[in-house]
Amino acid sequence: MAFTPTQTDTAPPVSASKGSTGRAGDKIFSGLSKGSGILLLVIMASIAAFLTYRASIALSKNEGNFLTTFDWNASANPPVFGIAVLLFGTVVSSIIAMAIAVPIAVGIALFISHYAPRKLAAPLAYVVDLLAAVPSIVYGIWGALFLVPQLNGLNLWLDEYLGWTYVFDKTQVGVARSLFTVGVLLAIMILPIVTSVSREVFLQVPRMNEEAALALGATRWEVIRTAVLPFGRSGVISASMLGLGRALGETMAVATVLSPSFLISLHVLDPGGGTFAQNIAAKFDEANEFGRDALIASGLVLFLLTLLVNGAARLIIARRKEYSGANA
């Protein structure tokens, strides 16, 4: 008996006009995508070229060592300036912020994704995401008017019980306008970023892995330790790198809280220090043409430092391609 195709067994014919329209749309989308990528590279190259050109003008007339000089007298004759204090302050405050923010952010992300009831998890996640939208100047004002006075007691406690570590030995009397305070404020600012990204990574853990661990008799913590954290390790590191990128370049909040000085001290509770972004914001208006070139030179170092952080994050993501969608 011969098989006669019915109307439902045959695919509807595709008209040539629809096929040509689809191919034209693909070409347009491909061209726009490539153009956007090329435009981004051009913008990045233009920024790098501008910073390099203006920095070369300042560095050619600098009488000090740009990497080791502690002073910043770009308007002097001859000009003497260096980034030693700025690099130290930027790195130290960012390390303090990461040490405080990352463990708390991972804990909040785990609570929202695996412990909190659904009625509580959704509002809590919304509040965390909302904190990321708070402007930097608002954090700075809150830090200067509330956080700085409140940290005086914590500084005295750290000096009394951890002063033997030298790092927490407070040698100067004054308000808590120090790199430690800056680190605490930066930790609060980057907490929503690290939490949000980590939460999304933990939610991508295959349900089968968690159910298999529970079937073997694992407790909730053992499931997280053996199934969730190993799967999300690279994602958490990438989220931390994003937070670190913001901490390195934060300007207004740091400038509002920190009492700047061009001295390097390992006593993080003592007032003083400086960061790249804070120094640029504080000195740009009063600087002359050459002074602005010197500030741009310090901005070039911050630009390169940020690129290194982002490059490290991309390398970590590349090790686990499932986070970048390559295996989707």
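In what follows, the accompanying structure is described. (Residues numbered from 1 in each chain as written. Predicted model: local features only at pLDDT ≥ 70, side-chain atom pairs only at ≥ 80, totals over all residues. Heavy atoms only, no water.)

As a further point, take the overall build of the protein chain. A count of helices and strands for the protein chain gives 10 helices and 2 strands. Walking the protein chain from its N terminus toward its C terminus, one meets helices and strands in the order α-β-β-α-α-α-α-α-α-α-α-α. Here the protein chain has a C-alpha radius of gyration of 26 Å; the compact-globule value for 328 residues is 20 Å, and the former is much larger. Projected onto its principal axes, the C-alpha positions of the protein chain cover 100 × 55 × 30 Å. Counting only residues that meet the buried cut, the protein chain has 39% of its 328 residues in that class. Put simply, of all contacts in the protein chain between residues at least 6 apart along the chain, 74% involve residues at least 24 apart. Of the roughly 18,500 Å² of accessible surface on the protein chain, a fraction of 67% belongs to carbon and sulfur atoms. A gap of 11 Å separates the mean positions of the 22 positive and 19 negative side-chain charges of the protein chain. (Helix = DSSP H or I, 4+ residues; strand = E, 2+ residues; numbered from the N terminus. Rg over C-alpha atoms; globule rule 2.2 N^0.38 Å. Buried < 20%, exposed > 50% of the residue type's maximum accessible area, 1.4 Å probe, protein only. Contact = heavy atoms within 4.5 Å. Areas by Shrake-Rupley, 256 points an atom, 1.4 Å probe, with all protein chains shown as cover. Lys, Arg positive; Asp, Glu negative; His and termini not counted. Charge placed at Lys NZ, Arg CZ, Asp CG, Glu CD.)

Glancing now at the packing of helix α2 (residues 84-115) against helix α3 (residues 118-131). Relative to each other, α2 and α3 sit at 145 degrees, their axes nearing to 8 Å. Both α2 and α3 take part in a crossing whose hand is left-handed. Residues Ile108, Phe111 and Ile112 of α2 form the contact with α3, whose own contacting residues are Leu120, Ala121, Leu124, Ala125 and Val128. Partitioning the contact of α2 with α3 into residue classes produces 8 nonpolar, no polar and no charged. (Axes fitted to C-alpha atoms, helices over the stretch in contact; angles between N-to-C directions. Left-handed = near helix turned anticlockwise from the far one by under 90°. Nonpolar A, V, L, I, M, F, W, Y, C, P; charged D, E, K, R; others polar.)

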